Amino acid sequence: MTAAILVKSLRDRRRALVGNSLGLVALVLWLGALFPILRDNQGFTDIMERVPPEMLTAFGTDLATFLTAAGFLSAEFFALFAPLLILIFVISAVVAETATEEREGLMDMVLSNPVSRRRVFLEKAGGVAAAALLMVAVITVALLAANPVFGLDLPVVGVAAAGLSLWLLGTSFGAVALLVGAFTGRSTAAGGMAGLLALLAWFVTSFSGLLPWLERASAVSPFTWYREPNPLITGFGAGHIWLLVTTVVLLAVAVLLFERRDIATERAALPDVKVRRRARPRVRQPRSAWLLTDPFRKVIWDRRRSVWAWGGGLGVLSLAMFSAWPALAQDADALAALVTSMPREVFAMFGLTNPEAIVTPAGFVSSRSHQSIGPIVVIFFCVRGVSMALIRQEASGVLDLELAQPASRSRIVASKLAAVALSAGVVVLIPTVVALAADLRWETELGLGPILAASAGLYLLGLFFAGLALLLWAAKGTSLPAVRIAGIAALATFLMNGLGALADGLRPIRLVSPFYWYFGDAPPLAKGFEPSYFLLLAGTVAMAWVALVLFRRRDTSV
């Protein structure tokens, strides 16, 4: 029985494990191939010399270190992207394996078997830790393979130490989620508290060099133990021990709490709770029953935390791009020389079909916020919103409960879609407000119209692929991997846009790419509302309408 628990934990994480691992490996190989090009370019060195030291300090490096392969990979990969994906993976997996199963009543069935609570808890935690270790091992092997190919001269011990440090960072905050979940039994509290502490720890470590009052707190931050001193350069150190001790202590406390707490089960039949005040009876409906009466409110409630997390992240990205531009603009000739010296294929792979525009404020800011990271985040949020609001609920049987309410199928699905669209709108609105304020602060002169138009196009791009996922689900239900197909379609059309700009023979395929409808041949922040944006809007509306028609005629699976 206990072996089955561990195997099930690994099996449940297999898709996320493969997807995250492939994404991180691709990023490692890409950065490994990019560094030799930048290293041999004097323009890149000239530009980096003008970057404020405080900005490099936020990524745990300095100029001399950043110009080495170890420093470059530490700042571009190990400082942000790798920890972000590892933490999301571990925290979400831990919450799903413990607090979520307890809420849904699955934990009761597992604990009814002849196995101790401690063994069940530890094997579930061990399954998540093993999955995270596999992910880190894949990244480490990829980095070791890229090391001689691209002449990075990374020490093998340093690569292994960086991988171990990354894994321990993930398990330490995973242990926080375990502890909070074992104490409260609430999945939202466990995931939210672990994510909040991770964000605070990153902030304290990154900005302790700028804010002296954070120096003491930085000494006990897990992110400080994770990246100071740089394990990719110095190898194993005391930070590994502190992360390991933290993980073990938190896990031990979580086990003790879990062994001594009653397991709460969410009941399928929700009774009325009578509350008497001054001899006047009143019926109070439980929160979950109230939410089931309005699908729109329930989706908004379920997405409330992720809206601020993803929107805030895009806002920080936008602020960083605007604040970095004045330093880079001081030597526009060096920036132009750097762009000219790099192969156009490099930029095309990131959706930048007009790299010469990077020397303008609109092109520079758009390169990250509207043409690479921004679209990834918004598309992911929108497609995931459709998955959580409809696809997963049909698979778990919750959608059947909602469809039993006195409301039409079309109305319920339309309400959920409206909630997803509203949530996505808030995610895009946050960086838009930041961009408007930053435009005034750093006098980039982008203007109100282009900023609003670029945000509108980004919003419509996310809704387009959400509509595709919705259409696939409405047609075939949970038997078809709608989310994965929508993700593959997004990647394929993104590459179609980039490759189509490199060869005239490929241009026709570029014209049918939604990314071309949004990007065009100019940065989104350098133009207004393009007529091609109406193609995104029309495609989204058409797919949503067809999906509603198909869903009205399809049996749902229980």
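In the block above lies the structure referred to throughout.
Nothing here was measured: the structure is a model prediction, and the numbers come from that model. (Residues numbered from 1 in each chain as written. Predicted model: local features only at pLDDT ≥ 70, side-chain atom pairs only at ≥ 80, totals over all residues. Heavy atoms only, no water.)

A. Looking closely at the packing of aromatic side chains. If you walk through the whole model with that rule in mind, you get 19 aromatic pairs. Taking the centre distance of 5.7 Å and the plane angle of 35° together, the rings of F465 and F515 count as tilted. Placement of F465 in helix α25 (residues 448-476) and of F515 in helix α28 (residues 514-519) is noted, with a sequence separation of 50 residues between them. Judged by relative accessible area, which is 3%, F515 ranks as buried. Each ring, one from F494 and one from F515, has its centre 5.2 Å from the other, and the planes form 85°; the classification is edge-to-face. Taken as a pair, F494 in helix α26 (residues 482-500) and F515 in helix α28 lie far apart in primary sequence, 21 residues in all. (Phe/Tyr/Trp six-rings, centres within 6.5 Å; stacked < 30°, edge-to-face > 60°. Helix = DSSP H or I, 4+ residues; strand = E, 2+ residues; numbered from the N terminus. Buried < 20%, exposed > 50% of the residue type's maximum accessible area, 1.4 Å probe, protein only.)

B. Structural detail: the pattern of salt bridges. Within the structure shown, the criterion is met by 10 salt bridges. Two residues, E123 and R119, come together in a salt bridge whose shortest N-O distance is 3.0 Å. With E123 and R119 both in helix α9 (residues 117-149), this residue pair falls four residues apart, about one helical turn. The exposure class of R119 is partly exposed, given its relative accessible area of 44%. Across the pair E394 and R554 runs a salt bridge whose closest N-O atoms are separated by 3.0 Å. Here E394 is found in helix α22 (residues 373-396), whereas its partner R554 is found in the segment after α29 (533-552), with 160 residues between them in sequence. Given the relative accessible area of 2%, E394 is considered buried. One network of salt bridges, with partners in common, ties together R13, E97 and K124. (Salt bridge = Lys/Arg side-chain N within 4 Å of Asp/Glu carboxyl O.)

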